[in-house]
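# Report on the structure
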Amino acid sequence: MNLNESTASAAADALPALPYFLHDQPNAIVERDGVRYTLLGTAHVSQASVDAVNGALADGRFDSIAVELDEHRHRAIAEPDALAKLDLFQIIREGKTGLVAANLALAAYQRRLAEQLGVEPGAELKAAAIGARQRGLHLALVDREVGITLRRAWHSLGFWSRIQMLTGLVTSLFVDEKVEEGEIEKLKQGDLLESSFGEFAAGNPPLYRALIAERDRYMALRLRQSAGDAGSREVLAVVGAGHLKGLAEQLRDDMAMPESVLRELEQVPEGSRIPWFTLALATLLVGGFAWGWHTGGAELGAKLVLDWILITGIGGALGCLIAGGHPLSIAAAFLTSPITPLHPALSSGMVSALVETWRHKPTYADFLSIRDASTSLRGWWRNRVTRILLNFSLTNLGTALAVWVAGATLVGRLT
């Protein structure tokens, strides 16, 4: 035996042998700062991954368990009735309606996979979180909040890429069709969030960076931070197989201090604090109305104002109608759509959704059935909670489209 072989043998002897149930699972071991991190790469739609996690927990060598979950997703696991505690008024007022809708859509996609495969997507993460709690082990939630990830992805994209992103999300999440075998195979080696956007994610570097690369670094930093805080020495990290390589590299090579970089990766890029679009729109409207009165008299000026009110009002009301809104919600959409485009902190969808919540207040049963309702396109209209979310989104969409139509009509009359 030569020196290199002896060294390799000694190094191998220094490491405890992996349990037999991990031998056929993707894994990596990284030692850093006196902590041994065992990274278990799992398939989010595989019973074998669930068995591997349960076996690793039963082995007893780990004093800390880390999972690819954030606080919200973990709460959904720990508190099955968490959705029933949603405060819709607060969600609408804080402008988080779109984010809640996106989370429900992702949950619907996972439910379709569960029904087709007989394994709940992310069941291995759930097993790891529950197993850690039952054994009194330190549990670290190392993934970044999905809302931050989606917003950072959104801000990194151009206009057409945003359209593609929304199209991919709607197509893969809302369409109630059987998940293709090819997509399932990708899930076994990839990431659930990335797969939700189909081929677009792989072909779009900014989106891939936000969904995968940034999260690799974020999870590596959170692993180091949580191990230091808990005084851990043996950490089992359960992550999707698509993150295994990048996470191991970041864990080995990143010399940055976790606290400062984590704050940076949790920030959502802000747009300009000055509402330029609102100011420009208001300027064009006032200027257009004034020019119409100057050149065509009161008749043309009044016609321009009436066109704006009718086109934007009908656009918002039509969006609310398509969402199945109450007549009062539709009326609120019509009355506010001509005004809210000129107010940066208010939207017609917000007003109509608040009226809809007041008129058709969701019941406890509606909240409990959200997950089932969101698995089909028809279900979104039948459940009061999801219908309110649709009301918000479609009313805003109708108003936005109507603003462009009204603007074009205004220019056409003036020229």
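For the structure, check the block above.
The structure presented is a predicted model; accordingly, all values stated were derived computationally and were not measured.

Once that is clear, we can look at the environment of Pro205. Along the chain, Pro205 falls in helix α12 (residues 205-230). Here Pro205 falls in the exposed class, since its relative accessible area comes to 56%. Separated by 48 residues in the primary sequence, Pro205 and Leu157 have C-alpha atoms spaced 9.5 Å apart.

One non-glycine residue, Asp33, lies in positive phi territory at about 55°. A relative accessible area of 64% places Asp33 in the exposed class.

The next point concerns the side chain of Ser347. As for its position among the elements, Ser347 is in the loop between α16 (327-336) and α17 (348-359). The exposure class of Ser347 is buried, given its relative accessible area of 16%. There is a polar contact of 3.3 Å between the side chain of Ser347 and the side chain of Asn396.

What follows deals with the packing of helix α2 (residues 47-59) against helix α6 (residues 123-135). Taken N-terminus to C-terminus, the directions of α2 and α6 make an angle of 20°; their axes are 8 Å apart at the nearest point. The pairing of α2 with α6 is recorded here as roughly parallel in orientation. For the pair α2 and α6, the crossing hand works out as right-handed. Every residue of α6 that contacts α2 at Ser49, Val50, Val53, Asn54, Leu57 and Ala58 is listed here: Ala123, Glu124, Ala127, Ala128, Gly131, Ala132 and Arg135. Considered class by class, the residues forming the contact of α2 with α6 number eight nonpolar, three polar and two charged.

Another point: the pattern of salt bridges. Tallying each qualifying case throughout the model produces 13 salt bridges. The shortest N-O distance in the salt bridge between Glu31 and Arg36 comes to 3.2 Å. Owing to a relative accessible area of 51%, Glu31 belongs among the exposed residues under this scheme. Put simply, Arg32 and Asp33 hold a salt bridge, and the shortest N to O gap is 3.5 Å.

Summed over the entire model, instances satisfying the criterion amount to two cavities of 30 Å³ or more. Put simply, the second largest cavity is a space of about 30 Å³. Taken together, Leu304, Asp307, Trp308, Ala406, Thr409 and Leu410 make up the lining of the second largest cavity. Of all the elements in the fold, those that place two or more residues in the lining of the second largest cavity are α15 (276-322) and α21 (384-414). Residue composition of the lining of the second largest cavity, grouped by class: four nonpolar, one polar and one charged.

Judged by side-chain polarity, Leu306, Leu310, Ile314, Leu318, Leu321, Ile322, Leu377 and Trp381 come together as a nonpolar surface patch covering roughly 740 Å² of accessible area. Elements with a minimum of two residues in the nonpolar patch: α15 and α20 (377-382). Here the element with the most residues in the nonpolar patch is α15; it accounts for six residues. Along the chain, the position of Leu306 falls in helix α15. The class of Leu306 is partly exposed, set by a relative accessible area of 42%.

So, on to the packing of aromatic side chains. Across all of its chains, the model carries zero aromatic pairs by this definition. The side chain of Arg359 reaches across the aromatic face of Trp358, ending 5.2 Å from its centre.

The biggest cluster of nonpolar side chains holds 19 residues, and the ones touching the most others in it are Tyr37, Leu39, Ala66, Leu223, Val235, Leu247 and Leu251. Elements with a minimum of two residues in this core: β1 (27-32), β2 (35-42), α12, β5 (234-240) and α13 (241-253). Once you skip the residues sitting within four places of it in the chain, Val235 turns out to touch Val35, Arg36, Tyr37, Thr38, Phe62, Asp63, Ser64, Ala66, Leu223 and Ala227. Counting 18 residues, the second-largest nonpolar core is a separate cluster that includes Phe62, Val67, Leu69 and Leu141.

Right, let's get into the sheet that holds β2. Here five strands make up an open sheet; going across it, the order is β1-β2-β5-β3-β4 and the pairing mixed. Whereas interior strands pair on both sides, the edge strands pair on one side only; in this sheet they are β1 and β4 (138-141). Across the sheet, the mean angle separating the axes of adjacent strands is 20° when strand polarity is ignored. Direction of pairing for strand β3 (residues 64-67) relative to β4: parallel, over a ladder of four bridges. When the sheet's bridge partners are listed, Ile65 is paired in β4 with Leu139. Most of the contacts of α12 go to β2, to which it runs at about 135°, and overall it touches β1, β2, β3, β4 and β5.

Neither face of β3 is exposed, since Ser64 and Ala66 on one face and Ile65 and Val67 on the opposite face are all buried. Of the strand pairs in this sheet, β3 and β5 are connected by four bridges, and their pairing is parallel. By the bridge assignment, Val67 is partnered in β5 with Val238.

Quick notes on the rules
- Throughout, residues of each chain are indexed from 1 in the direction in which the sequence is written.
- This being a predicted model, a pLDDT of at least 70 is required before a residue's local features are given, and a value of 80 or more before pairs of side-chain atoms are given or counted; all residues contribute to the totals for chains, interfaces and linings.
- Only hydrogens and water are set aside when side-chain values are computed; all heavy atoms of the structure are taken into account.
- Secondary structure counts use DSSP, requiring at least four H or I residues in a row for a helix and at least two E residues in a row for a strand, with both numbered from the N terminus.
- Note on exposure labels: buried denotes an accessible area under 20% of the residue type's maximum, exposed denotes more than 50%, and partly exposed covers the range between, all computed with a 1.4 Å probe on protein chains only.
- Polar contacts, as used here, are pairs of N or O atoms within 3.5 Å; protein pairs need one atom able to donate a hydrogen and one able to accept it. Residues neighboring in sequence count only if both atoms are side-chain atoms.
- Axis angles are defined between N-to-C directions and span 0 to 180 degrees, where every axis is a line fitted to C-alpha atoms and, for a helix, only to the segment in contact.
- Any angle between 65 and 115 degrees counts as roughly perpendicular, while under 35 counts as roughly parallel, over 145 as roughly antiparallel, and the rest as oblique.
- Crossings are classed by handedness, with left-handed meaning an anticlockwise turn of the near helix from the far one by less than a right angle and right-handed meaning a clockwise turn.
- The contact rule is simple, with two residues in contact once any of their heavy atoms fall within 4.5 Å.
- Polarity classes work like this: nonpolar for Ala, Val, Leu, Ile, Met, Phe, Trp, Tyr, Cys and Pro, charged for Asp, Glu, Lys and Arg, and polar for all others, with Gly in that last group.
- Salt bridge, as used here, is a side-chain nitrogen of Lys or Arg placed within 4 Å of a carboxyl oxygen of Asp or Glu.
- Here a cavity means grid points, on a 1 Å grid over the protein atoms only, where a 1.4 Å probe fits yet cannot get out; a pocket means an open set of points with protein on both sides within 12 Å along at least five of seven lines; lining residues are those with an atom within 4 Å of a point.
- Grid points are joined across faces, edges and corners, and a volume is the space filled by probe spheres set on the points.
- A residue counts toward a patch only above 30% relative accessible area and without a salt bridge, and it is joined to like-charged neighbours within 9 Å or, for Val, Leu, Ile, Met, Phe, Trp and Tyr, to nonpolar neighbours within 5 Å.
- Only the protein chains shown count as covering a residue, and every accessible area follows the Shrake-Rupley method with a 1.4 Å probe.
- Note on aromatic pairs: the rings of Phe, Tyr and Trp (six-membered ring only in Trp) are paired at centre separations within 6.5 Å, and the planes decide the class, stacked below 30 degrees, edge-to-face beyond 60, tilted for the rest.
- Should the NZ of a Lys or the CZ of an Arg lie within 6 Å of a ring centre and within 35 degrees of the ring normal, that charge is described as sitting over the ring.
- Remark: nonpolar core denotes a set of buried residues (Ala, Val, Leu, Ile, Met, Phe, Trp, Tyr, Cys) joined through side-chain atoms within 4.5 Å.
- Two strands make a pair as long as DSSP finds a minimum of two bridges between them.

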